[in-house]
Amino acid sequence: PSGPTEPLEPTVSPAPTITPAPTITPSPDAAPPVSAPIGTDPLPSGPTEPSEPTVSPAPTITPSPTITPAPTVTPVPTITPSPDATPSPPVTAPTAPSPTSSPDETLCSISADVSCTTGEGEACQFSNPIGQQCIGSNAEELRFIYLADSFCQGNNTQNSFACIDENTDLERSPTVYIKFSLAGETVYENIVNEGNIITVPISGNFDSLVVEINALNDDLEPGALLQSMIMSVQCREEDALVLYDTFGSLQLTGYRNEEQGLQSVYTTVNIQYTVTNTGSEDAVLIGAVKTNPISGMEALIPEGETVLLAPDTQEVYSDVFTFNLGTLVGVPLEFNLLTQEEDPEGGDVCEDFASYTVLVQM
């Protein structure tokens, strides 16, 4: 031969199979009792919003296995002619066939993704709500929960707060009738169950909110007066609108003003598990499994069934939860999705995995 022969490119070994994420099973004595997904009303006669349970610290979650990187491909060496050698005519390398997938290599086109947004449509970035105070312009909205068997000895420090207990010989029922008024105009009234979130709109340039809590009579209408109070809706240091503070039988769980927006103890999160066909051919989805610390593991595709995904199409599955952020400070909640795709030509199976962690910062 007249000149050196170039070595052929090395064959690239297929990437290793990714081990599926482990099943996450909540610990029986540490699983956070979070409310069921939105849509079920645990109390038949309360307001439109569902009752909010307290979430205990989440169980320890085993991290997903480490994915071994694909092997490094050695580059083709460059041929440098010797300075003393007589130049040889150009050497044409043997024609190699176009690279194709080996019989054992599966071309995956399905991608898994997990995302989280709040009920306000914002990113799930949370901070510790304990001790947050409304500062700035007057509150535009206040949120409370009703606490049965609570009297006027609240723990708030408002200078202008006034409260009177009435008919103290009557039993404090978990279901009462509550009315909120601004300058004599009713802004909210309804039957309220203990634990329900009450959202009170504050309109106009008013400084004080009047609250009346009544027992229910046999016709489910306001009966005997149990408690009346006056509280400030101004967001000043001395008015102390502080989250978790109690005002008589009410606990402040949220507020909104122009400067701080909505600040709330309870928040609704929407978890979306998305499967996307990123390829140019139809893909056969044969399995999709979600895991989370609230409801555990759940198959999104019934056993024995498949889903055919056209190119650039998605399957989206959702969970909705309400969290008490004050009980989740520093506790990571991990939401996972594992998908399985079957190669229509070879019948091989490949997988993809995605995860999202909700964390309330200290």
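Refer to the preceding data block for the structure.
Keep in mind the model is a prediction, meaning the values are calculated, not measured.

A. Spatial organisation of the sheet that holds strand 8 (residues 208–216). Strand order across the open sheet formed by 5 strands is 4-9-8-5-6, with antiparallel pairing between neighbours. Edge positions in the open sheet fall to strand 4 (162–165) and strand 6 (185–193), since each of these has one partner strand only. Strand-to-strand twist across the sheet, computed as the mean angle between neighbouring axes with direction ignored, equals 20°. Sheet analysis places strand 5 (residues 175–182) next to strand 8, joined by 5 bridges and oriented antiparallel. Across the sheet, residue Lys179 finds its bridge partner in strand 8, namely Glu212.

B. Molecular detail of the sheet that holds strand 17 (residues 314–324). Reading across from one edge, 1-13-17 is the order of the 3 strands in this open sheet, with antiparallel pairing throughout. Here the strands that pair on one side only, and so sit at the sheet edges, are strand 1 (110–118) and strand 17. Averaged over all adjacent pairs, the angle separating strand axes in this sheet is 15°, with direction ignored. With 11 bridges connecting them, strand 13 (residues 266–277) and strand 17 associate as antiparallel partners. Each residue of the ladder has a partner; that of Thr274, found in strand 17, is Val316.

C. Summary view of the pattern of salt bridges. Evaluation of the coordinates by the stated rule reveals 7 salt bridges. With a shortest N-O distance of 2.7 Å, Lys290 and Asp319 are connected by a salt bridge. Of the two residues, Lys290 is situated in strand 14 (residues 283–292) and Asp319 in strand 17; the sequence distance between them amounts to 29 residues. One exposure class covers both Lys290 and Asp319, and it is buried.

D. View of empty space enclosed by the protein. By the definition in use, this model includes 1 cavity of 30 Å³ or more. Taken as a whole, the largest cavity holds about 40 Å³ of empty space. As for the largest cavity, its lining consists of Tyr146, Ser150, Asp165, Arg172, Ile213, Leu226, Gln227 and Ser249. For the lining of the largest cavity, the class distribution of residues is 3 nonpolar, 3 polar and 2 charged.

E. Seen up close, the nonpolar core. Membership of the largest hydrophobic core comes to 35 residues, with the highest contact counts inside it found for Leu142, Ile178, Phe180, Leu209, Leu241 and Leu250. Looking at this core, the elements with two or more residues in it are strand 3 (141–146), strand 5, strand 6, strand 7 (197–201), strand 8, strand 9 (222–232) and strand 11 (250–257). Not counting residues up to four positions away in its chain, the partners in contact with Leu209 are Leu142, Phe180, Ser181, Leu182, Val187, Val200, Ile202, Met229, Ile230, Met231 and Val233. Residues Phe321, Leu333, Leu337 and Val358 belong to the second largest nonpolar core, which totals 30 residues.

F. Summary view of the state of the cysteines. Per the stated rule, a full pass over the model turns up 3 disulfides. Residue pairing for Cys116: its cysteine sulfur links by disulfide to Cys124, the two sulfurs lying 1.9 Å apart. Disulfide Cys116 to Cys124: torsion about the S-S bond roughly -75°, handedness left-handed. The disulfide partner of Cys152 is Cys163, and the S-S distance across this bridge is 2.0 Å. Judged by the torsion about the S-S bond (-70°), the Cys152/Cys163 disulfide is left-handed. Here Cys152, found in the loop between strand 3 and strand 4, pairs with Cys163, found in strand 4; they are 11 residues apart in sequence, far enough to count as distant.

What counts and how
Residues numbered from 1 in each chain as written. Predicted model: local features only at pLDDT ≥ 70, side-chain atom pairs only at ≥ 80, totals over all residues. Heavy atoms only, no water. Pairing = 2+ DSSP bridges. Helix = DSSP H or I, 4+ residues; strand = E, 2+ residues; numbered from the N terminus. Axes fitted to C-alpha atoms, helices over the stretch in contact; angles between N-to-C directions. Salt bridge = Lys/Arg side-chain N within 4 Å of Asp/Glu carboxyl O. Buried < 20%, exposed > 50% of the residue type's maximum accessible area, 1.4 Å probe, protein only. 1 Å grid on protein atoms, 1.4 Å probe; cavity = no way out; pocket = protein on both sides within 12 Å on 5 of 7 lines; lining within 4 Å. Points joined across faces, edges and corners; volume = space filled by probe spheres on them. Nonpolar A, V, L, I, M, F, W, Y, C, P; charged D, E, K, R; others polar. Core = buried A, V, L, I, M, F, W, Y, C linked by side-chain atoms within 4.5 Å. Contact = heavy atoms within 4.5 Å. Disulfide = S-S within 2.5 Å.

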